[in-house]
Amino acid sequence: AQSVSQHNHHVILSEAASLELGCNYSYGGTVNLFWYVQYPGQHLQLLLKYFSGDPLVKGIKGFEAEFIKSKFSFNLRKPSVQWSDTAEYFCAVKENGQFYFGTGTSLTVIP
Amino acid sequence: EAEVAQSPRYKITEKSQAVAFWCDPISGHATLYWYRQILGQGPELLVQFQDESVVDDSQLPKDRFSAERLKGVDSTLKIQPAELGDSAMYLCASSHRLARELFFGEGSRLTVL
């Protein structure tokens, strides 16, 4: 089974700062990759996904992620965060029909 | 936008009592998942259904947990008896047979006293 690592547990940024959240999975193979976001009091929502093709994936709200196969990584980025990006972010890997989630990164954006 | 419905949103119970959670997936979604999320951790799969059949329940503590999806639509997750360590958020998710992402409900937060 895959193991998904999110290196940053808590991140605090000021508005307009750039964001990069790390995500690594344990081994190669045919995988689908996801970032989910959970805003305070809301359900988990899909931020972006990668299945194949261009390894740079653009999602909603200005987020993007880059799949680096050689590093088993799928890092999430945003050039300029907003207060409304305060949320919990989860990386997920799908393999053979199973989804494996990281432990999440709590992002706090200070106005 | 269609949503995955879950109830109750919050449940407080004493240990050794029985609890049940209900999930209604997005219409037409054949695959239904129950996840448990402990505070500070990511969701962990408890059981996966394809229509009314269990696809994976390898992580379901079957001595106390049970899940069913009798008509292949809505689903119930039961815990009997509840233990202190069961305190967590129980998430239901669904996906279309041909889709490759999960759609989550708002979850049911269980507190066992």
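Quick summary incoming for the structure in this document. A quick note: this is a predicted structure, and the numbers were derived from the prediction, not measured. (Residues numbered from 1 in each chain as written. Chains lettered and ligands numbered in written order. Predicted model: local features only at pLDDT ≥ 70, side-chain atom pairs only at ≥ 80, totals over all residues. Heavy atoms only, no water.)

1. Things to note about the overall build of chain B
Then step 1. Along the backbone of chain B there are 0 helices and 11 strands.
Then step 2. Ordered by position from N to C terminus, the α and β elements of chain B give β-β-β-β-β-β-β-β-β-β-β.
Then step 3. For a compact globule of 113 residues, the expected C-alpha radius of gyration is about 13 Å, and chain B comes in at 13 Å, within 12% of that figure.
Then step 4. Oriented by its inertia axes, the alpha-carbon framework of chain B measures out at about 40 × 25 × 20 Å.
Then step 5. Counting every position in chain B, which comprises 113 residues, the buried fraction comes to 46%.
Then step 6. Long-range pairs, those at least 24 residues apart, make up 52% of the contacts in chain B with a sequence separation of at least 6.
Then step 7. Total accessible area computed for chain B in this model is approximately 5800 Å², and 48% of it derives from carbon and sulfur atoms. (Helix = DSSP H or I, 4+ residues; strand = E, 2+ residues; numbered from the N terminus. Rg over C-alpha atoms; globule rule 2.2 N^0.38 Å. Buried < 20%, exposed > 50% of the residue type's maximum accessible area, 1.4 Å probe, protein only. Contact = heavy atoms within 4.5 Å. Areas by Shrake-Rupley, 256 points an atom, 1.4 Å probe, with all protein chains shown as cover.)

2. Some words on the interface of chain B and chain A
Then step 1. The interface is formed by 19 residues belonging to chain B together with 18 residues belonging to chain A.
Then step 2. Taking both partners together, chain B and chain A bury about 1500 Å²; carbon and sulfur atoms supply 53% of that area.
Then step 3. By the criterion of area lost to chain A, the three top residues of chain B are B:Arg100, B:Glu101 and B:Phe104, representing 37% of everything that side buries.
Then step 4. Among the ionic pairs, B:Glu101 bridges to A:Lys49, the shortest N-O distance being 2.7 Å.
Then step 5. At the surface where chain B touches chain A, the tally comes to 4 residue pairs in polar contact (both at pLDDT 80 or more).
Then step 6. Breaking the side of chain B that touches chain A down by element, the ones donating at least two residues are β4 (31-37) and β5 (44-50) of chain B.
Then step 7. Element by element, the count of residues in the side of chain B that touches chain A is highest for β4(B), at 3 residues. (Buried area = accessible area lost by both parts, 1.4 Å probe. Salt bridge = Lys/Arg side-chain N within 4 Å of Asp/Glu carboxyl O. Polar contact = N/O pair within 3.5 Å; in protein donor to acceptor, adjacent residues only side chain to side chain.)

3. Quick word on the pattern of salt bridges
Then step 1. Inspection of the entire model under this criterion finds 10 salt bridges over all chains.
Then step 2. A salt bridge links B:Arg36 to B:Asp86, with the nearest nitrogen and oxygen atoms 4.0 Å apart. Here B:Arg36 is found in strand β4, whereas its partner B:Asp86 is found in the loop between β8 (75-79) and β9 (88-95), with 50 residues between them in sequence.
Then step 3. Residue B:Asp86 is classed as buried on the basis of its relative accessible area of 2%.
Then step 4. We note a salt bridge from B:Asp86 to B:Arg64, for which the minimum N-O separation is 2.6 Å. With B:Asp86 in the loop between β8 and β9 and B:Arg64 in the loop between β6 (53-56) and β7 (65-68), the pair connects residues that are 22 residues apart, well separated along the chain. Neither residue differs from the other here; B:Asp86 and B:Arg64 are each classed as buried.
Then step 5. When salt bridges that share partners are traced, they join A:Lys58, A:Glu64, A:Glu66 and A:Arg77 into one network.

4. Quick word on the nonpolar core
Then step 1. With 28 residues, the main nonpolar core has A:Leu19, A:Leu33, A:Trp35, A:Leu48, A:Phe74, A:Leu76 and A:Tyr89 as its most contacted residues.
Then step 2. When residues of this core are traced back to their parent elements, those giving at least two are β2 (10-14), β3 (19-21), β5 (32-38), β6 (45-50), β8 (64-68), β9 (73-78), β10 (87-95) and β12 (105-110) of chain A.
Then step 3. Counting 20 residues, the second-largest nonpolar core is a separate cluster that includes B:Trp34, B:Ala82, B:Cys92 and B:Leu110. (Core = buried A, V, L, I, M, F, W, Y, C linked by side-chain atoms within 4.5 Å.)

5. Overview of the packing of aromatic side chains
Then step 1. Counted by the stated rule, this structure contains 16 aromatic pairs over all chains.
Then step 2. With a centroid separation of 5.6 Å and 50° between ring planes, the pair formed by A:Tyr25 and A:Phe72 is classed as tilted. Residue A:Tyr25 is located in strand β4 (residues 24-25), and its partner A:Phe72 is located in the loop between β8 and β9; the two are separated by 47 residues in the primary sequence.
Then step 3. Here B:Tyr33 and B:Tyr35 contribute two aromatic rings whose centre-to-centre distance is 6.0 Å and whose plane-to-plane angle is 25°, an arrangement assigned as stacked.
Then step 4. Overall, B:Tyr33 belongs to the buried group, its relative accessible area being 3%.
Then step 5. One aromatic cluster is present, formed by A:Phe34, A:Tyr36, A:Phe51, A:Phe99, A:Phe101, B:Tyr33, B:Tyr35 and B:Phe104 through successive ring pairs. (Phe/Tyr/Trp six-rings, centres within 6.5 Å; stacked < 30°, edge-to-face > 60°.)

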